[in-house]
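Descriptive analysis of the structure
So the chains spell out like this:
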4 protein chains.
Amino acid sequence: MKTIGVVTSGGDAPGMNAAIRAVTRLAYAKDFQVLGFEKGWEGLVTSTFRALTPRSVGGIMQLGGTILLTSRCPHFRKPESIKKAAETLASNKVDGLIVIGGNGSLKAACELSEKTNTLIVGVPATIDNDVYGTDETIGFDTAVNTAVAEIDKIRDTAISHERIFIVEVMGRTRGFLALTVGITVGAETILVPEVKTPMEEILGNIKENSEKGKRSGIIVAAEGVGDTRKIASEIETRTGAEVRLSIIGYAQRGGSPTARSRLLASLFANEAVELLANGQGNRVVGLQNGKITSIDIEKSCKTEKPLDLSLLKMARTLAT
Amino acid sequence: MKTIGVVTSGGDAPGMNAAIRAVTRLAYAKDFQVLGFEKGWEGLVTSTFRALTPRSVGGIMQLGGTILLTSRCPHFRKPESIKKAAETLASNKVDGLIVIGGNGSLKAACELSEKTNTLIVGVPATIDNDVYGTDETIGFDTAVNTAVAEIDKIRDTAISHERIFIVEVMGRTRGFLALTVGITVGAETILVPEVKTPMEEILGNIKENSEKGKRSGIIVAAEGVGDTRKIASEIETRTGAEVRLSIIGYAQRGGSPTARSRLLASLFANEAVELLANGQGNRVVGLQNGKITSIDIEKSCKTEKPLDLSLLKMARTLAT
Amino acid sequence: MKTIGVVTSGGDAPGMNAAIRAVTRLAYAKDFQVLGFEKGWEGLVTSTFRALTPRSVGGIMQLGGTILLTSRCPHFRKPESIKKAAETLASNKVDGLIVIGGNGSLKAACELSEKTNTLIVGVPATIDNDVYGTDETIGFDTAVNTAVAEIDKIRDTAISHERIFIVEVMGRTRGFLALTVGITVGAETILVPEVKTPMEEILGNIKENSEKGKRSGIIVAAEGVGDTRKIASEIETRTGAEVRLSIIGYAQRGGSPTARSRLLASLFANEAVELLANGQGNRVVGLQNGKITSIDIEKSCKTEKPLDLSLLKMARTLAT
Amino acid sequence: MKTIGVVTSGGDAPGMNAAIRAVTRLAYAKDFQVLGFEKGWEGLVTSTFRALTPRSVGGIMQLGGTILLTSRCPHFRKPESIKKAAETLASNKVDGLIVIGGNGSLKAACELSEKTNTLIVGVPATIDNDVYGTDETIGFDTAVNTAVAEIDKIRDTAISHERIFIVEVMGRTRGFLALTVGITVGAETILVPEVKTPMEEILGNIKENSEKGKRSGIIVAAEGVGDTRKIASEIETRTGAEVRLSIIGYAQRGGSPTARSRLLASLFANEAVELLANGQGNRVVGLQNGKITSIDIEKSCKTEKPLDLSLLKMARTLAT
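What counts, and at which threshold
Residues numbered from 1 in each chain as written. Chains lettered and ligands numbered in written order. Predicted model: local features only at pLDDT ≥ 70, side-chain atom pairs only at ≥ 80, totals over all residues. Helix = DSSP H or I, 4+ residues; strand = E, 2+ residues; numbered from the N terminus. Rg over C-alpha atoms; globule rule 2.2 N^0.38 Å. Buried ≥ 20, exposed ≤ 12 C-beta atoms within 10 Å, placed from the backbone. Contact = placed C-beta atoms within 7 Å. Least-squares fit on C-alpha atoms with pLDDT ≥ 70 in both. Domains from an automatic or database assignment. Nonpolar A, V, L, I, M, F, W, Y, C, P; charged D, E, K, R; others polar. Expected span 1.5 Å × (residues − 1). Pairing = 2+ DSSP bridges. Axes fitted to C-alpha atoms, helices over the stretch in contact; angles between N-to-C directions. Core = buried A, V, L, I, M, F, W, Y, C linked by C-beta atoms within 7 Å. Parallel < 35°, antiparallel > 145°, perpendicular 65-115°, else oblique. Left-handed = near helix turned anticlockwise from the far one by under 90°. Right-handed = clockwise from strand over helix to strand, strands pointing away.

Below, the discussion takes up the overall build of chain A. On a plain count of helices and strands, chain A comes out with 11 helices and 11 strands. Taken over C-alpha atoms, the radius of gyration comes to 21 Å for chain A, in line with the 20 Å a tight globule of 320 residues would show. Reported as C-alpha extents along the three principal axes, the dimensions of chain A are approximately 70 × 35 × 35 Å. Within chain A, buried positions represent 63% of all 320 residues. Counting contacts in chain A only where the partners sit at least 6 residues apart, residues at least 24 apart contribute 77% of the total.

What follows is the structure in C-alpha cells.
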C-alpha cells in the first residue's frame, strides 16, 4: 500500500470533511500518499484529482460540505464509466480507494470493485442513515439536530397560534431521519414511508390530543411519504383546524458537523485506513453494537437496513 | 392611569414575550396593574384576559412565541367586533392598551382607537419590518439571523455540488427581510417585490458570475415576488445548470430572540408605558435615527415604509 | 406497582427534563401515578413532592435544567437522612423510585436501597459520563457539543493571533468530556486526569507542531488535571509564545439538550419504567454495545468506568 | 487613488473578514487595487502584504477571526516603527490605508497619519464597542449574542440549583458589553466600571429579590470592575447563599458574525472606500443616529465614548 485515493460522492453530508482530514492524516502516519478525486465519481472518470497532505486538510473538520466537491452521477454506473474509473485507478497506481458517501455511492463502489485490483473501502456518509451495516452514518446526527432546532422554533408559532404544523424532513425513501427527529421534538404524529398511516389514524390522533387539552401539534413527515401539501390540506378540510406545512430543506445537509458526526468520521476513517493497510478491500466500515467494525460491501449494498418500529410505538406514548 | 391592557396580535414574532415582560414590570413600577388579553384580538372581543404580575412574566424574555397567544383575526375589523372590544375595555376599566403586533394589528388598533376613550399605543413587532415610523421592528433581527444561519448551511451544499440555490424567505408583500438577509449571506442576486427584476437580468447575472469563476450561487427571494418554484424551473431550463429551491419557513417566526430583539422589545415597552403614564395615546413607538420615539398611529398605518434601494446596488457589488 | 417517585439529583444535566417527561408519560400509560420529589435528595428527606401528570410535563423536553430542581446534598448520605428518605417513601406508598443523576446520586440511591422496600432504579444523567454500566450518560452529548461550539470560536482568535490556547472543560475527576471534545475540535494536545502528561511532552508537541508550520494550537484540558493557570503560565515562560487560558464554564451544564441527549433520556426512562413494572429494582439503566439495558446498582457504583486510551493515541495522529 | 491598503489590528472581532471582503470588492469596482497587510501593524512595519482580489476574499464573510491575521503591537507606537510604516506605505505607493480595529489601533493610525501622505481611514471593529464616533462597532452585536446564549444556558443551572451566578463578560475597561448583555439576559444586577456599585447595594438587591420569591439570580459583571472571584466570595460569605462564578471567555471574540455585524462591516467598508475615493483621509467611519457617517480620527481617539447610564436604571426595573 503506497497510494490511497479518496472521493466523496452523492449528496453531501456534514462530516465528510472530517473524514477526508482523518483519512489523509492517518494514511500519512503510515507513509501512504493520498490523492483526492474531485467532484465525486466525475473525478474518477476524468482522472481529476489533487494530492492531499496533513497541512492541506487543516482547518476543515468543522466545515460542512466537502472540499473535494461531489456530484450525483447517474451516468457513472454505465459500464464504460466504470471502465474509465478503473483505468484512472490503474494509471495513477492507486492501491486503495476510500469512497465516502451514501447508498448509491456504495453501490457504484461495489460495481467498480469488480473491475479493478484496487482495494475499495466504503465509508457511510449520508444524512439519510440508510446504509446497511452501520447503526449510524456520518452526517445523520447533524441533520437530526438541525431539524430539531428548527422544529423547536416552529413549535413556538404552533403554540402561540394554536395550530397544527406538518413538518417535512429529508430522508429520501426512508424514515430514519423522521423517526429520530419526531421522537426528539415530541411530535404527536410521525409519518415514515415504512409504515402506511391511514388518514383516519392521523385525524383520530389529532382528535384525541385535542380532547386531552392539547391545542397545537406537530406532525413530522418523511419526504418519502408522499405529497405533504395534500396531507396538510386534507387535515385542514376534515378538522377545520388551521394547518400549516413547513419543509425543512437543504439546511439539513449542510452546516458544521456535530461532535458526534466528527467523531464518527474520524473513527470510520481510522478503520478504513487500517483495513487498507492490512490489505483488505470490498468492505464498508460501520458502527455496530457500539463498536467500529466493517462488513462486506456487496452485503451492505444488497441488504435493506431495517427501521426500528418499536420506537414509533414508544414515540406515540411519549407524546401523549 | 390605573390599569393597562396588553395584547399580542397577528403573526407571532420573537421578542413579543420580552415586550410583555417589560410592559408588565415597567407598569408595576408605576403602580399600574396589567391585564393580558389572550389570543390576540379575540381576547378583546370576548373579554378573555388574565392579570399579569412581575412574577408571572418571569423567565419568558428568552422564549419565542407569545405567552398570551395570538391570532390573525380578519373578522375583527368588522364594526361589531370593534364595538365589542371597546366595551371590553370600558367594562374592565382599562385606561391604556398596548397593542404588540405588525401592520394589520396596528390598523385594527387605529380603528379601535376611534371608538374608545382608552388610550392606545402600538408596539411594532413583526419579522416583516414593514411598519412605518420605525427603522426596525421587534423580531426582525431574530428572523434575519435565523435565515442567515440556514443559508450559511445551504451554501455548503451549493458549493460542494456547484449548484445555484434559490432561497425563499418570508416578508409578506415586502422585501425588508430578503434585502438584509441577501446582503449578509452574500447572495449573488436578491429579489424583492419592490423592484421588478426581469428574468434576463437574473440570467445575465448568473452568466457573469460563471465567467468570473463562480460555480455556485445563492439567489435570495422574498416570498412576495411570486412563484419561486417557477423561477427556479425557468433558470434551470434556460441555463442548463442544476438549480434547487429551498423555502426557509416558519422557523423564521420562532426561536429565542436575539439580544437586539430583546433590547428593542424592552426599549419599546418602556416608551409605550411612558406615553400612557403621560396620558398620550394614538401613538406607535419606534426607532428613528437611532433614538426611541413615537409617531401618530394613523400616520403609521396609512404610510408605506420605503425600502432603501441603494442597498440593493451595494449588494450587487459586494457579491462580485 | 401503583406509585412511582422520580427525583433529579446532583449537578443538573441537559436532558433531565426529557427524562422526567418520559418517566411520567410512560408510567401513566401503565396506570401508575407519579410523584416528583423536589430539590433532589432534600425532597426525599423532607417529603416535599408534587404529582406529575402527562400534561404537567408538557413542553419541557427541550429545556435545560430540571423542573424538579436539584441539589448537591453531602449531608444526605448520613444514616439519619437515609432513614428519613426511607420513611418518606413508605409513608407516601411509593412502590418504585427512579433516581436521575450522576455517580454520587447513584451511590446515595444504592445506600437508600438497603433501607427500603421501595424498588430503586437509577438513570445516569451527568455531563461527566463517568457512570459505570453505560457507554453514555444523559447530558454528555449536549455538553460535548456546547464545548465544541465554543472552542470552534476560540480557534478563530487562536489562528488570527497565532496563539496557543489552553481550554479547560468540565468532567470533575475524569477525562471523558475532555477526550471527546479534544478529538472533535482537533486539539493538538489533550490532557486528562487518567494519564500523567509531563510538561516536556506538552512542550515537545508544541515544538513539533511549530516545525510543521502550525502557528496556533489548542490544548484541551480536563478540570481534573490540576491548575490550568499554572500550566498556561509555564508553557508561556518556557516557549516564549503567547498562551491564553479559557475556561468553558457552567454553560456546559445547561442549554437545550441535543437530539441524542433527548433520545437517550427517553430510552433510559422507558427501560426504567419497564424494570419497575416487572418488579425489578436495584438496577441502573444504560447503553451498552449500542443496546439499552441495565446492571446491578451496586456494581455500577463500586466500579470505575474505564477511559478508552486508544482514542488519545488516535487523537494525536489526527491533529498532526 | 490607485492603491488601497487594508490592515486588521488589535484584538480580533467577528466581522473583520466581512469588512476585508467589502473593502476589496468595493475598491475593485472603482478600479483600485488592494494590498492586505498581514499580522496587524507588524505587516506595516515589515512591509509584509499580499494582493487581495474579489475572488481571494470569496467565502470569508461568515468566518470569525481575520484572514489577514492580527497582533497587539505595543512596540508599534514608538517613533521608529511609525517611520518604518510610513516608508512601507510610500515605497508601495499606497494612496489610502483602511485600518480595521479598535481604540488602540485607531490611535496608532492617528499617529501614523501625521507622518505620511497616505490618506488614512479607520473602521471601528472591536467587541468592546468603545470607539467614540460610532454607536456600534463591528463585532459588538456578535459578542453580545454569544454571551447572551451562554448565560441563557447558565440560567438553567442557576434556577435548578437555586444559586446566584456572577458571570464575567469582556469589555476591557468599559461596560458597553456588560450593560447590553445584562439587560438582554435579564440580569438582576449589572456591574460596569463606569459606576461604582457598593457591596451593600449588591447585597441589598439580592435580599430584595429573595423576598420577592426569586431563588436564583444572575449578576453580569464587566471584566473591568475588578476581581470577580473576590466579589463572588464576599457575596457567598455575607449571604450564606451558594454563589458561582463563570467567566465567558474568548468565545466572545470569535465565531461567525451575526447578520448585524456583517451588515455594519459592509456599510462601514463602503463609507471608507467612498471617503478615500473622494480624497478624504483622517476619518473614522461610524454609525450615528442610525446613519453611516464619519468623524475626524483625532477627535475619535481623544474623546471618551459615554455609556448610557439611563439604561442601567431601566435594567433594574426590568429585572424586578
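Another point: the relation of the copies chain A and chain C. Once turned by 180° and shifted 0.0 Å along the axis, chain A lies on chain C with an RMSD of 0.0 Å. What we have between these two chains is a two-fold relation. Both copies contact each other with a shared surface, as 100% of the interface residues of chain A are interface residues in chain C too.

Further remarks concern the domain arrangement of chain A. Where interface size is given, it is often the accessible area lost as the parts come together that is meant. Residues and elements named next belong to chain A. Segmenting chain A into domains produces domain 1 (3–139 + 257–302) and domain 2 (140–253). Distance from the C-alpha centre of domain 1 to the C-alpha centre of domain 2: 34 Å. At the junction of the two partners, domain 1 supplies 16 residues and domain 2 supplies 13 residues.

Attention now goes to the interface of chain B and chain A. In this complex, chain B contributes 26 residues to the contact, which on the side of chain A involves 26 residues. Contributing elements (two or more residues each) for the side of chain B that touches chain A: α5 (140–161) and β9 (243–247) of chain B. Of the residues forming the side of chain B that touches chain A, the biggest block, 8 residues, is contributed by α5(B). Counted by class, the side of chain B that touches chain A contains 7 nonpolar, 12 polar and 7 charged residues.

Attention now goes to helix α9 (residues 259–277) of chain D. All names here are of chain D. Taking 1.5 Å of rise per residue, the 19 residues of α9 would be expected to cover 27 Å, and the 27 Å separating its terminal C-alpha atoms lies within 8% of that figure. Counting buried residues along α9, 17 of its 19 residues qualify, which places the element largely inside the surrounding structure. G279 sits one or two positions beyond α9 and adopts a positive phi of about 75°.

Another point: the interface of chain A and chain C. The interface is formed by 33 residues belonging to chain A together with 33 residues belonging to chain C. Broken down by secondary-structure element, the contributors of at least two residues to the side of chain A that touches chain C are α1 (16–28), α5 (140–161), α6 (176–185), α9 (259–277) and α11 (310–318) of chain A. Considering every element that reaches the side of chain A that touches chain C, the biggest residue donor is α9(A), with 6 residues.

Turning to the sheet that holds strand β4 (residues 96–101) of chain D, a few remarks are in order. Residue and element names in this part refer to chain D. Overall, mixed pairing links the 7 strands, which are arranged β3-β2-β1-β4-β5-β10-β11 in an open sheet. Looking at the sheet topology across the chains shown, the edges are occupied by β3 (49–52) and β11 (291–296). Each neighbouring strand pair of the sheet contributes to a mean axis angle of 30°, computed without reference to strand direction. Two strands pair when backbone bridges link them, and strand β2 (residues 33–37) and β3 are joined in this way by 4 bridges, in the antiparallel orientation. Bridge pairing links V34 to L52 in β3.

By size, the foremost hydrophobic cluster in this structure holds 437 residues, and its most contacted members are A19(A), A19(B), A19(C) and A19(D). In this view, A19(C) contacts I100(C), V123(C), A125(C), I138(C), A265(C), F268(C) and A269(C); residues no more than four positions away in its chain are not counted.

On to the packing of helix α6 (residues 176–185) of chain B against α9(D). Closest axis-to-axis distance for the α6(B)/α9(D) pair is 9 Å, and the angle between their directions is 75°. Classed by the angle they form, the pair α6(B) and α9(D) counts as roughly perpendicular. Contacts between α6(B) and α9(D) pair T180(B), I183(B) and T184(B) from the former with A259(D), R262(D), L263(D) and S266(D) from the latter. Among the residues forming the contact of α6(B) with α9(D), the class breakdown is 3 nonpolar, 3 polar and 1 charged.

Residues and elements named next belong to chain B. Remark: α6 packs on helix α11 (residues 310–318), axes separated minimally by 9 Å, with the N-to-C direction vectors making an angle of 25°. When the axes of α6 and α11 are compared, the pair comes out roughly parallel. In this structure, α6 meets α11 at a crossing whose hand is left-handed. Contacts between α6 and α11 involve L179, G182 and I183 from the first element and L311, L312, A315 and L318 from the second.

All names here are of chain C. Taken in spatial order, the 7 strands of this open sheet run β3-β2-β1-β4-β5-β10-β11, and their pairing is mixed. Each having just a single partner strand, β3 (49–52) and β11 (291–296) make up the two edges of the open sheet. On average, each strand axis in the sheet is tilted by 30° relative to the strand beside it, whichever way the strands run. By the bridge criterion, 5 bridges tie strand β1 (residues 3–8) to strand β2 (residues 33–37) in an arrangement that is parallel. By the bridge assignment, I4 is partnered in β2 with V34.

So, on to the relation of the copies chain B and chain A. For the match of chain B to chain A, the screw axis carries a shift of 0.0 Å, the RMSD comes to 0.0 Å, and the turn is 180°. Most of the interface of chain B is mirrored in chain A: 100% of its interface residues are interface residues there too.

What follows concerns the pairing of β2(D). Residue and element names in this part refer to chain D. β2 sits mainly inside the fold: 4 of its 5 residues count as buried. In this sheet, β2 lies alongside strand β1 (residues 3–9) in parallel orientation, the contact comprising 4 bridges. The residue bridging G5 from the neighbouring strand is L35, located in β2. Read from β1 through helix α1 (residues 16–28) to β2, the crossover connection turns out right-handed.

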